Amino acid sequence: MRPSSPTLSYLIWPLIFLGQLLATSLLAWHLLAQINFAYPMGYKLLDLDKHIAEFAPRNRYIHGFQFTQAKDHWDLFAQITHSVQNNGEGLEEISFTLPNNTKLPLMHSAEITHLQDVSHLINKFYVAGTLGALIWGFFLLIAYRQKIAFPSPRNIVLGFCGALFVISTIILSVGATTVFYWFHTKVFPEGHQWFFYYEDSLMTTLMKAPDIFAFIASLLLIALIAIWGLTTFGMAKLLKNNAVQVEIKIEDKKNTRKKTRKKS
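Here goes a summary of the coordinates provided. (Residues numbered from 1 in each chain as written. Predicted model: local features only at pLDDT ≥ 70, side-chain atom pairs only at ≥ 80, totals over all residues. Heavy atoms only, no water.)

## Looking at the overall build of the protein
Which entries qualify depends on this criterion: Strands are runs of DSSP state E lasting at least two residues, helices are runs of H or I lasting at least four, and both sets are numbered from the N terminus onward. Throughout, exposure labels follow a simple rule: accessible area from a 1.4 Å probe, protein chains only, divided by the maximum for the residue type, with under 20% read as buried, over 50% as exposed, and the rest as partly exposed. Any two residues whose heavy atoms approach within 4.5 Å at even a single point are treated as in contact. Each accessible area value is a Shrake-Rupley result obtained with a 1.4 Å probe; residue values ignore everything except the protein chains displayed when judging cover.
Counting its secondary structure elements, the protein contains nine helices and two strands. Starting at the N terminus and ending at the C terminus, the protein contains elements arranged as α-α-α-α-β-β-α-α-α-α-α. A buried classification covers 34% of the 264 residues belonging to the protein. Long-range contacts, defined here as pairs at least 24 residues apart, represent 80% of the contacts in the protein between residues at least 6 apart. For the protein, the accessible area works out to roughly 16,600 Å², and carbon and sulfur atoms hold 65% of it.

In structure tokens form, the structure reads like this:
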């Protein structure tokens, strides 16, 4: 089989890299979710104990959270992570216990509704990531069977840096806060509260939002780069070995023809 035309390569590789990005992003998210996004590490780096001690007494809905300990906070975040990863199940049951053994709910109805919306968004992300994995695998198989050459590292770096430059330029020109608010208005149902002051939400106090999101985003980016790099290296090696095998087969056929001609 002859190597495919450059046109086919230009069509297939964008689809492969798009599917790979979706799939590896989902994998990075899923792996970090298993360790609760390293919340105890973020807890220490962001001084969440001091933040909770300052704002928990000011909460207008639920009182006494300032008497809980760091391990209680880690466990509560783990429960939230588990719930949003499982279609919001158990959000209403998340509670903390005071030193006098009084059990209080961590969140009021608006917070629970918001986390249910987050859970639905995560479900869509899992669907998108799964579809990305299927697209990635399907077109990579075509590339393998059609002997399509892997793009040069230079083109990959230029494409990655170009996309990063465009995205960064848009965010910086519009404003990170504006983009953050715009994103929330588009992905969450209209009329559902998604912004909470620390005095109105123990959930927000527990996370020191949005600081914890910046910490989690950094971890996700590191995990994504690592997974993306490893899978890209794997694809390059797979197709390189495939190309070598093709060259060997072609050379063997040429040698066989030469021997046949000499005999005749």
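## Remarks on the nonpolar core
Filter applied, for reference: Residues enter a nonpolar core if they are buried and are Ala, Val, Leu, Ile, Met, Phe, Trp, Tyr or Cys, with the set joined through side-chain atoms within 4.5 Å.
Among the nonpolar cores identified, the biggest contains 40 residues, and Phe-65, Ile-80, Phe-96, Leu-106, Met-107 and Leu-206 are the most heavily contacted of them. For this core, the secondary-structure elements that each account for two or more residues are α1 (6-34), α2 (39-45), α3 (48-55), α4 (70-85), α5 (109-145), α8 (202-207) and α9 (211-263). Broken down by element, the residue count for this core peaks at eight residues, all from α9. Those residues in contact with Leu-206, other than ones at most four positions away along the chain, are Tyr-39, Leu-48, Ile-52, Phe-65, His-73, Leu-76, Phe-77, Ile-80 and Leu-106. Judged by nonpolar contacts, the second largest core, of 13 residues, contains Phe-17, Leu-140, Ile-156 and Met-235.

## Quick look at the pattern of salt bridges
The criterion, for reference: Should a side-chain nitrogen of Lys or Arg be within 4 Å of a carboxyl oxygen of Asp or Glu, the pair is scored as a salt bridge.
Scanning the model with the defined rule gives four salt bridges in all. With a closest N to O distance of 3.4 Å, Glu-54 and Arg-58 form a salt bridge. With a relative accessible area of 41%, Glu-54 lands in the partly exposed category. You can call Arg-58 partly exposed: its relative accessible area is 41%. With a shortest N-O distance of 2.7 Å, Asp-200 and Arg-60 are connected by a salt bridge. A residue pair is termed long-range when its members are at least 10 positions apart, and Asp-200 in the loop between α7 (176-187) and α8 and Arg-60 in the loop between α3 and α4 qualify at 140 residues. Accessibility expressed as a relative area gives 14% for Asp-200, which makes it buried. Of the residues examined, Arg-60 reaches a relative accessible area of 54% and is grouped as exposed. Where salt bridges share partners, they join Glu-54, Arg-58 and Glu-199 into one cluster.

## So, unusual backbone geometry
Cis geometry marks the peptide bond from Ala-209 to Pro-210, where omega comes out at 5°. Structurally, Pro-210 can be placed in the loop between α8 and α9. A positive phi angle, close to 60°, is found at Lys-147, a residue other than glycine. As for its placement among the helices and strands, Lys-147 is situated in the loop between α5 and α6 (153-174). The phi angle at Lys-208 is positive, at roughly 50°, despite the residue not being glycine. Looking at the element boundaries, Lys-208 is found in the loop between α8 and α9.

## A short note on the packing of aromatic side chains
Operational definition: Classification of ring pairs uses Phe, Tyr and Trp, with its six-membered ring standing for Trp, and accepts pairs whose centres are within 6.5 Å; under 30 degrees between planes counts as stacked, over 60 as edge-to-face, and the remaining range as tilted.
Summed over all chains, the structure comprises 15 aromatic pairs. A ring pair is formed by Trp-29 and Phe-125, whose centres lie 6.2 Å apart and whose planes are at 90°; its orientation type is edge-to-face. Remark: Phe-125 occurs in helix α5 and Trp-29 occurs in helix α1; sequence separation between them is 96 residues. Between Tyr-39 and Phe-77 the ring centres are 4.2 Å apart and the planes differ by 10°, which places this aromatic pair in the stacked class. Of this pair, Tyr-39 sits in helix α2 while Phe-77 sits in helix α4, and the two are 38 residues apart along the sequence. Phe-77 sits in the buried class, given a relative accessible area of 5%.

## Some points on a nonpolar patch on the surface
Note the following rule: A patch is a set of surface residues, each over 30% in relative accessible area and not in a salt bridge, joined within 9 Å for like charges and within 5 Å for the nonpolar side chains Val, Leu, Ile, Met, Phe, Trp and Tyr.
On the surface, a nonpolar cluster with roughly 490 Å² of combined accessible area is contributed by Phe-180, Tyr-181, Phe-195, Tyr-197 and Phe-213. Within the secondary structure, Phe-180 is located in helix α7.

## So, the side chain of Ser-119
Cut-off, in case you're wondering: Polar contact criterion, stated in full: a pair of N or O atoms within 3.5 Å, where within protein one must be able to donate a hydrogen and the other to accept it, and residues adjacent in sequence count only if both atoms are side-chain atoms.
Mapped onto the secondary structure, Ser-119 falls in helix α5. For Ser-119, a relative accessible area of 0% gives the class buried. Within the structure, Ser-119 has its side chain in polar contact with the backbone nitrogen of Asn-87 (distance 3.2 Å). Not counting residues within four places of it along the chain, the set of residues in contact with Ser-119 comprises Ser-83, Val-84, Asn-86, Asn-87 and Gly-88.

So yeah, pure geometry; function would need other evidence.
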